[in-house]
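Spelled out from the first residue to the last, the chains are:
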Amino acid sequence: MAQEGRNIDEQVVVGEQKGSVEWAILKRTRQLNNTASEEVLKLAEDLETWEKDDKTKLIVTQSAGDDVQMFYDGQFSSLNDIYTMYWLCYHIHTYKKTQVAIVDGICNFGSASLMFAMKFSVVTEKIDFATLEASLGFHTDCGFSYIHSRLPGHLGEFLALTGTRLNGKELVAVGMATHFVPSAKLVDLVARLWSLDSGDMDVVRSTIEEFSEKVELDKDSILNKLSIIDKCCSKESEAEGSKEGNEWVTPIMGFLKQSSPTGLKINLRSIREGRKQTLAECLKKEFRVSVNILRGTISNDAYEGARALTIDKDNRPGWNPATLDEVDDEKINLVFLPLEDDIELRIPETEDNRWGGKYET
């Protein structure tokens, strides 16, 4: 039975049910792929209902894009919206039923944090993923300090700092996605998933594998340069980029120099701390950092980045401070400090209270 989605300006959530399969489509008709405020609230509500419903066995989610402005243009204007996003990320990472995410386009920011947390993530040759937050004066959040810190070597720091893009094959190769399926096969895959009356992990996996292809990295893939990346990120030095044969580093260094110095320092610390933190600890930390950044606790770079890159689009952000050397590490510490107790992120500590901790309670 089709369920009518909410229309919020240009974004909608469309839900459908067929037998024991629930289908959620996060759709933004004219903007890049992202989960905006109402979509997050609706998805959180649906996922709780489906997890508690004995008739529901499989959840499939499709995403259509990302909109950088969600934190800045009033769509994510309240603490409730931001809190619910982090709270939802935890529940998707720990969801009790089998989920399949299908991503066939640009996938950054909010939508990426939801899609790659699912048990199965299907990507195509059309996906374009990057963590671009540092270029906006923000930080890699919504669980990505947990995800990136568990990538091979220092790849996580590299991606968070440089905004380097990964394609579908690369996402599967590093374990962020589970299957690569050519876009032309998605219609058939969707039809097969619709026909399933099972949430059994092995059954779902074998069904996806009927359409997936073995991943072979392109010769010039960034993943073939992991040893150099490890040297660069572990030494915090530009020296590797100046060596013969490492010319590919030059444009990346240019990106770094255009990014918010404060954002770079926050991102590096958050990813490195994430290696020793649980998922819940990472999300609590990221929520604190997000609130402190949006409060302008030490800098207004997040707003300046949004203005320069997504609103006025003059591509000339006036970072303050303007260089890494000017960033005060003691001030960086302030962004990681706990919030007031009544607005700290509440992660459920027991199964009995699994869906507790909502913002309104």
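The paragraphs below set out a description of the structure included in this document. Just so it is clear, the model here is predicted, and its values are computed rather than measured.

Another point: the pattern of salt bridges. On inspection of all chains with the given rule, the structure shows 20 salt bridges. In this structure, Arg192 engages Glu210 in a salt bridge whose closest nitrogen and oxygen atoms are separated by 2.9 Å. Placement of Arg192 in helix 7 (residues 186-195) and of Glu210 in the loop between helix 8 (201-209) and helix 9 (226-235) is noted, with a sequence separation of 18 residues between them. The partly exposed category is assigned to Glu210, whose relative accessible area is 47%. In this structure, Asp329 and Lys265 form a salt bridge, with 3.2 Å as the shortest nitrogen-oxygen distance. Here Asp329, found in helix 14 (residues 329-335), pairs with Lys265, found in helix 11 (residues 261-274); they are 64 residues apart in sequence, far enough to count as distant. Taken together, the salt bridges that share partners define one network made up of Glu304, Arg307, Asp312 and Asp314.

Positionally, Lys119 belongs in the loop between helix 3 (109-115) and strand 7 (120-123). Linking Lys119 and Thr98, residues 21 residues apart in sequence, is a C-alpha distance of 6.4 Å. Among all residues touching Lys119, those that are not within four sequence positions of it are Tyr95, Lys96, Lys97, Thr98, Gln99, Thr178 and Met201. Within polar-contact distance, the side chain of Lys119 engages the backbone oxygen of Lys97 at 3.2 Å.

Procedures and definitions
Residues numbered from 1 in each chain as written. Predicted model: local features only at pLDDT ≥ 70, side-chain atom pairs only at ≥ 80, totals over all residues. Heavy atoms only, no water. Salt bridge = Lys/Arg side-chain N within 4 Å of Asp/Glu carboxyl O. Helix = DSSP H or I, 4+ residues; strand = E, 2+ residues; numbered from the N terminus. Buried < 20%, exposed > 50% of the residue type's maximum accessible area, 1.4 Å probe, protein only. Contact = heavy atoms within 4.5 Å. Polar contact = N/O pair within 3.5 Å; in protein donor to acceptor, adjacent residues only side chain to side chain.

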